[in-house]
Amino acid sequence: MSESAASKPIPGGKDVLVEFEDGIAWVQINRPEKRNAMSVGLAEEMNEVLDALELDDRCGVIVLTGVGEAFSAGMDLKDFFRATDGISDVARHRAYRSTRAWQWRTLMHYAKPTIAMVNGWCFGGAFTPLICCDLAIADEKAVFGLSEINWGIIPGGVVSKAIATLMGDRQALYYVMTGKQFDGAKAVELGLVNEAVPKDQLRARTAELARELLAKNPTVLRQARMAYKFAREMSWEHAAEYLTAKVDQTNFVDPEQGKQQGLKQFLDEKTFRPGMGNYVRPK
Ligand code: ACO
């Protein structure tokens, strides 16, 4: 298979819309009439879209967001929960597998950087893709909630595990047990998002962050993201061995030879200071 699929049309167009803008792929959940609740059909479409974008040269960074007033109102109570009750065990397994694939397996280990842009309602299952994106920016008035307790279920899927990676136990259990809502500013305090900004600045600020990532060495950026995510699950001993090997592997696979360039520019040419900016990337 070719490394680049830039000329291929991107799948989706129904429940998932994609818009390209100078290296940024804006991936939008497009079920505004259902507040972007996540159905089985959406999962199937999103899997195809994310798969295609990983090989598409027009995409250097993904921004995941929602059309309309919601980021996502969580799992679709009708077209996910009710739809998977009473079907065969095999059909249910496939529906869950599709959902797990995009919401965490793919996003967590995606080859390109990912930013969640929380533009409105964010409930229940929506915490999983939110947390599995590398970074997140929210509308300061966005409304978040682990609402599961309010209608008789637990934060399932993998929500309980996902929130435990970013939130402290006291805070996580408070919201799990009360189902209380909180806003974008509180989401920053809880470590769920990096920043909260006024709605009219949300897209511009997200694009600015995406452009900052696009200016980095993409190979080293990918290796750094992966190294962090795997190392946090390891013991110190394992992490030290893994990270040492990962540094060597990064040198080996980096076509820009960033480390050598950086050393040369700092030590020999004295043209840059690593603490103050980027080395000049080779053209
Ligand atoms: N699943 C299925 N349909 C949904 C969902 C959902 N999670 N959220 C909203 N919808 C549908 C509504 O049923 C309604 O459909 P209809 O027009 O066919 O009746 C439509 O979206 C609009 O919803 P409203 O409630 O009318 O919109 P409003 O703007 O007043 O409220 C809000 C938005 C607060 C998000 C509300 O819809 C809501 O509480 N949704 C459920 C949120 C939730 O608890 N999600 C967690 C689910 S559990 C989980 O994810 C594991």
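Residues numbered from 1 in each chain as written. Predicted model: local features only at pLDDT ≥ 70, side-chain atom pairs only at ≥ 80, totals over all residues. Heavy atoms only, no water.

1. Comments concerning the environment of Ala 138
Step number 1: Residue position: Ala 138 is located in strand S7 (residues 135–139).
Step number 2: C-alpha separation for the pair Ala 138 and Thr 65, spaced 73 residues apart in sequence, amounts to 10.0 Å.
Step number 3: Once you skip the residues sitting within four places of it in the chain, Ala 138 turns out to touch Val 118, Phe 144, Gly 184, Val 193, Glu 195, Ala 196, Val 197 and Leu 202. (Helix = DSSP H or I, 4+ residues; strand = E, 2+ residues; numbered from the N terminus. Contact = heavy atoms within 4.5 Å.)

2. Quick notes on helix H11 (residues 258–268)
Step number 1: The complete set of buried residues in H11 reads Gly 258, Gln 261, Gly 262 and Gln 265. Summarising the axial view, the buried residues of H11 lie within an arc of 95°, below the 170-degree limit, and thus occupy one face. More than 90 degrees from the buried face of H11, the exposed residues found are Leu 267 and Asp 268.
Step number 2: Backbone geometry just downstream of H11 places Lys 270 in the positive-phi region, at approximately 50°. (Buried < 20%, exposed > 50% of the residue type's maximum accessible area, 1.4 Å probe, protein only. Arc of directions from axis to C-beta.)

3. A look at the domain arrangement of the protein
Buried accessible area, meaning the area lost when the parts come together, often serves as the stated size of an interface.
Step number 1: Per the domain assignment, the segments making up the protein are domain 1 (3–214) and domain 2 (218–268).
Step number 2: Of the roughly 740 Å² buried where domain 1 meets domain 2, counting both sides, 51% is carbon and sulfur surface.
Step number 3: The tally of links between domain 1 and domain 2 comes to two salt bridges.
Step number 4: The partner of Asp 134 in a salt bridge is Lys 229, and the shortest N-O contact between them spans 2.5 Å. (Domains from an automatic or database assignment. Buried area = accessible area lost by both parts, 1.4 Å probe. Salt bridge = Lys/Arg side-chain N within 4 Å of Asp/Glu carboxyl O.)

4. Topic: the sheet that holds strand S8 (residues 143–145)
Step number 1: Taken in spatial order, the four strands of this open sheet run S4-S6-S8-S9, and their pairing is mixed. Only two strands of the sheet have a single partner each, and these edge strands are strand S4 (70–72) and strand S9 (181–183). On average, each strand axis in the sheet is tilted by 20° relative to the strand beside it, whichever way the strands run.
Step number 2: Sheet analysis places strand S6 (residues 121–123) next to S8, joined by two bridges and oriented parallel. Of the residues in S8, the one forming a bridge with Cys 122 is Phe 144. (Pairing = 2+ DSSP bridges. Axes fitted to C-alpha atoms, helices over the stretch in contact; angles between N-to-C directions.)

5. With respect to unusual backbone geometry
Step number 1: Located in the positive-phi region is Asn 36, a residue other than glycine, with phi close to 60°.
Step number 2: As for its placement among the helices and strands, Asn 36 is situated in the loop between strand S2 (24–29) and helix H1 (40–54).
Step number 3: Even without a glycine there, the phi angle at Lys 270 is positive, about 50°.
Step number 4: Mapped onto the elements, Lys 270 comes out in the segment after H11.

6. Some remarks on the environment of Val 188
Step number 1: Residue position: Val 188 is located in helix H7 (residues 184–189).
Step number 2: Judged by relative accessible area, Val 188 falls into the partly exposed class, the value being 32%.
Step number 3: In the structure, Val 188 is positioned 48 residues away from Glu 140 in sequence and 9.2 Å away in space, judged by C-alpha atoms.
Step number 4: If sequence neighbours within four positions are ignored, Val 188 has contacts with Val 193, Asn 194, Glu 195 and Ala 196.

7. Concerning the nonpolar core
Step number 1: Leu 64, Trp 102, Phe 127, Leu 130, Phe 144 and Ile 163 are the most contacted members of the largest nonpolar core, which has 49 residues in total.
Step number 2: Counting residues per element, this core draws most heavily on H1, which supplies seven residues.
Step number 3: The contact partners of Leu 64, leaving out residues within four places of it in the chain, are Val 27, Ile 29, Met 46, Phe 71, Trp 102, Leu 107, Ile 115, Ala 116, Met 117, Pro 129 and Cys 133.
Step number 4: Within the second largest apolar cluster, 14 residues are counted, among which are Ile 24, Ile 115, Met 117 and Ala 210. (Core = buried A, V, L, I, M, F, W, Y, C linked by side-chain atoms within 4.5 Å.)

8. A few points about the site of the ligand
Step number 1: Around the ligand, the structure places 17 residues, and the nearest of them are Lys 34, Ala 73, Met 75, Leu 77 and Ser 147.
Step number 2: Contact between the ligand and Lys 34: an oxygen atom at 2.5 Å from a side-chain N or O atom of the residue.
Step number 3: Look at the ligand: alone it shows 930 Å² of surface, and the protein chains cover 62% of it.
Step number 4: Residue assignment for the shell around the ligand shows that the elements contributing at least two residues are helix H2 (77–84) and S6.
Step number 5: By residue class, the composition of the shell around the ligand is eight nonpolar, four polar and five charged. (Near = heavy atom within 4 Å. Polar contact = N/O pair within 3.5 Å; in protein donor to acceptor, adjacent residues only side chain to side chain. Areas by Shrake-Rupley, 256 points an atom, 1.4 Å probe, with all protein chains shown as cover. Nonpolar A, V, L, I, M, F, W, Y, C, P; charged D, E, K, R; others polar.)

9. Notes on the layout of surface pockets
Any empty space left between atoms is shown by rolling a water-sized probe over those atoms.
Step number 1: Computed from the structure, the largest pocket encloses a volume of approximately 650 Å³.
Step number 2: Forming the walls of the largest pocket are 29 residues, and the residues nearest its centre are Ile 131, Cys 133, Tyr 228, Lys 229 and Arg 232.
Step number 3: Of all the secondary structure elements, the ones that give two or more residues to the lining of the largest pocket are helix H3 (89–108), helix H4 (127–132), S7, helix H5 (159–166) and helix H9 (218–231).
Step number 4: Per-class residue counts for the lining of the largest pocket are 19 nonpolar, four polar and six charged. (1 Å grid on protein atoms, 1.4 Å probe; cavity = no way out; pocket = protein on both sides within 12 Å on 5 of 7 lines; lining within 4 Å. Points joined across faces, edges and corners; volume = space filled by probe spheres on them.)

10. What about the sheet that holds S7?
Step number 1: Within the open sheet, the six strands sit side by side as S1-S2-S3-S5-S7-S10. Their pairing is mixed. The sheet terminates laterally at strand S1 (16–21) and strand S10 (195–197), the two strands that pair on one side only. Direction aside, the axes of adjacent strands within the sheet are offset by 20° on average.
Step number 2: Bridge analysis of strand S3 (residues 61–66) against strand S5 (residues 114–118) gives three bridges, and the strand direction is parallel. Counterpart to Leu 64 in the pairing with S5 is Ala 116.

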